[in-house]
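Single-letter residue listing:
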Amino acid sequence: MLRAAGAGAGDEVVVPAFGSVDVAEAVTLAGARPVFADIDPLTYCLDPASVEAAVTSRTAAVVAVHRFGRQADTGRLRALGRRHGLLVLEQGESEVPYDEMAQRRERAAYLDAKLKGVRTPEGGAGHTYQQYVVRVPGNGRPDRDAFAQALRARGVDCRVPVKTPVHRLPEFRRCVELPETERAAGETLALPVDPSLSKREMQRIVAACNALGGLLQPAF
């Protein structure tokens, strides 16, 4: 899509650093240079204000990535694109069947009501909960990682959704201030909300999280 739109050598394309590397790689394959903007801390999608701050005379496009079942603010991004003459592309997530989406939302609502010691996600209109991502409070990455390890020891299949932001990978290393991206990378943890989970399994997730309280401190 980037090549078809004419993005190439000498152009810049604004992308999120919070997520997989495939978008930045696609920009590079098109011959352009990825420029990283920060995310909205509630949706984990591009923050339009940060995107606008990243726009230069070389910017040709913006790639909005929908994340964890939340939609990027494409309305504001497209308005920004019109102001600056930029192409705005979207990378979506795989579609979830309606029945599965309803079951995921039901399990997410249960966790919202029962979890303590972690910050539950903002629902928002249209959230499909492809991942149920909480924040583990504490002093950064060691706390979240210790919390995740303790949950796994209790039989909870949790995972860190973004281990390293793209702007910190060797091939895309940039000296750029992305505070919300850094904070999310150090605090986020995805808990299971799969439709196959039984009520007993959901209760085990809640019991394990609440017993830990989200307040584990790093061991030195």
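Conventions used here
- Residues numbered from 1 in each chain as written.
- Predicted model: local features only at pLDDT ≥ 70, side-chain atom pairs only at ≥ 80, totals over all residues.
- Heavy atoms only, no water.
- Phe/Tyr/Trp six-rings, centres within 6.5 Å; stacked < 30°, edge-to-face > 60°.
- Helix = DSSP H or I, 4+ residues; strand = E, 2+ residues; numbered from the N terminus.
- Buried < 20%, exposed > 50% of the residue type's maximum accessible area, 1.4 Å probe, protein only.
- Expected span 1.5 Å × (residues − 1).
- Arc of directions from axis to C-beta.
- Salt bridge = Lys/Arg side-chain N within 4 Å of Asp/Glu carboxyl O.
- pLDDT = per-residue confidence, 0-100.
- Contact = heavy atoms within 4.5 Å.
- Core = buried A, V, L, I, M, F, W, Y, C linked by side-chain atoms within 4.5 Å.
- Pairing = 2+ DSSP bridges.
- Right-handed = clockwise from strand over helix to strand, strands pointing away.
- Axes fitted to C-alpha atoms, helices over the stretch in contact; angles between N-to-C directions.

Participant: Would you take a moment to explain the packing of aromatic side chains for this structure?
Facilitator: Any aromatic ring pair is given by two values, namely how distant the centres are and how the planes are angled relative to each other. Overall, the coordinates contain 4 aromatic pairs when judged by the stated rule. Ring centres 5.7 Å apart and planes at 25 degrees place the aromatic pair Phe 18 and Tyr 44 in the stacked group. Of this pair, Phe 18 sits in the loop between strand S1 (12-16) and helix H1 (22-29) while Tyr 44 sits in the loop between strand S2 (33-37) and helix H2 (48-54), and the two are 26 residues apart along the sequence. Judged by its relative accessible area of 0%, Phe 18 falls in the buried class. On the basis of relative accessibility, which here comes to 7%, the residue Tyr 44 falls in the buried class. A centroid spacing of 6.1 Å and a plane angle of 90 degrees characterise the contact between Phe 18 and Phe 68, whose relative ring orientation is edge-to-face. Of this pair, Phe 18 sits in the loop between S1 and H1 while Phe 68 sits in the loop between strand S3 (59-65) and helix H3 (74-84), and the two are 50 residues apart along the sequence. Three or more aromatic residues link up through ring pairs in this structure, and these residues are Phe 18, Tyr 44 and Phe 68.

Participant: Hey, could you run me through helix H7 (residues 199-212) in this one?
Facilitator: Residues spaced three or four apart along an α-helix face the same direction, because each turn holds 3.6 residues. In this model, H7 (14 residues) spans 20 Å end to end at C-alpha, consistent with the 20 Å of a helix rising 1.5 Å per residue. If you check which residues of H7 are buried, you get Met 202, Ile 205, Val 206, Ala 208, Cys 209 and Leu 212. Projected down its long axis, H7 carries its buried residues within an arc of 165 degrees, all on one side. Residues Lys 199, Arg 200 and Ala 211 are exposed on H7 and point more than 90 degrees away from its buried face.

Participant: Would you take a moment to explain the pattern of salt bridges for this structure?
Facilitator: Where side chains of opposite charge bring their charged atoms close, a pairing between them can arise. Under the criterion given, the structure shown has 11 salt bridges. A salt bridge links Glu 100 to Arg 104; the shortest N-O distance between them is 3.0 Å. Residue Glu 100 and its partner Arg 104 are both found in helix H4 (residues 98-114); the two are separated by 4 residues, about one turn of the helix. Judged by relative accessible area, Glu 100 falls into the partly exposed class, the value being 26%.

Participant: What exactly am I supposed to notice about the confidence of the model for the chain here?
Facilitator: Parts of the model with low pLDDT should not have their predicted coordinates read in detail. Within the chain, residue pLDDT values average 91, and 94% of them lie at 70 or more. Taken as a whole, residues 216-220 scores under 50 in pLDDT and shows 8 contacts with residues more than four places along the chain or in a different chain.

Participant: Is there a simple way to think about unusual backbone geometry in this case?
Facilitator: Most peptide bonds are trans, and most residues other than glycine sit at a negative phi. Notably, Phe 68 is not glycine yet its phi reads approximately 65 degrees, a positive angle. Within the chain, Tyr 129 stands out as a residue other than glycine whose phi angle is a positive 50 degrees. Along the polypeptide, Tyr 129 turns up in the loop between H4 and strand S5 (132-135). Under the relative-accessibility criterion, Tyr 129 is labelled buried at 6%.

Participant: Just to check I follow, could you spell out the nonpolar core for this structure?
Facilitator: In globular proteins that are soluble, nonpolar side chains generally tend to be buried together. Counting residues in hydrophobic clusters, the biggest one holds 25 residues, and the most contacted among them are Leu 115, Tyr 132, Leu 151, Leu 189 and Leu 191. Secondary structure elements with two or more residues in this core: H4, S5, helix H5 (141-153), strand S6 (188-191) and H7. The leading source of residues in this core is H7, at 6 residues. With residues near it in sequence (within four places) discarded, Leu 191 still touches Leu 115, Tyr 132, Val 134, Leu 151, Cys 158, Ile 205 and Cys 209.

Participant: Looking at this structure, I do not really get the pairing of strand S4 (residues 87-91). What am I missing?
Facilitator: Strand residues, when the strand is regular, have side chains that alternate between the two faces of the sheet. The pairing of S3 with S4 spans 5 bridges and is classified as parallel. Across the sheet, the residue bridging to Val 63 is Leu 89, located in S4. Considered for its hand, the β-α-β crossover made up of S3, H3 and S4 is right-handed.

Participant: Would you mind going over the sheet that holds S2 with me for this structure?
Facilitator: In spatial order, the strands read S2-S1-S3-S4; together these 4 strands make up an open sheet with parallel pairing. Looking at the sheet topology across the chains shown, the edges are occupied by S2 and S4. Across the sheet, the axes of successive neighbouring strands diverge by a mean angle of 30 degrees, strand direction being ignored. Where S1 and S3 come together, 3 bridges link them in parallel fashion. If you follow Val 13 over to S3, its bridge partner there is Ala 61. Along the sheet face, H3 touches S3 and S4 and points at about 155 degrees away from the line of S4.

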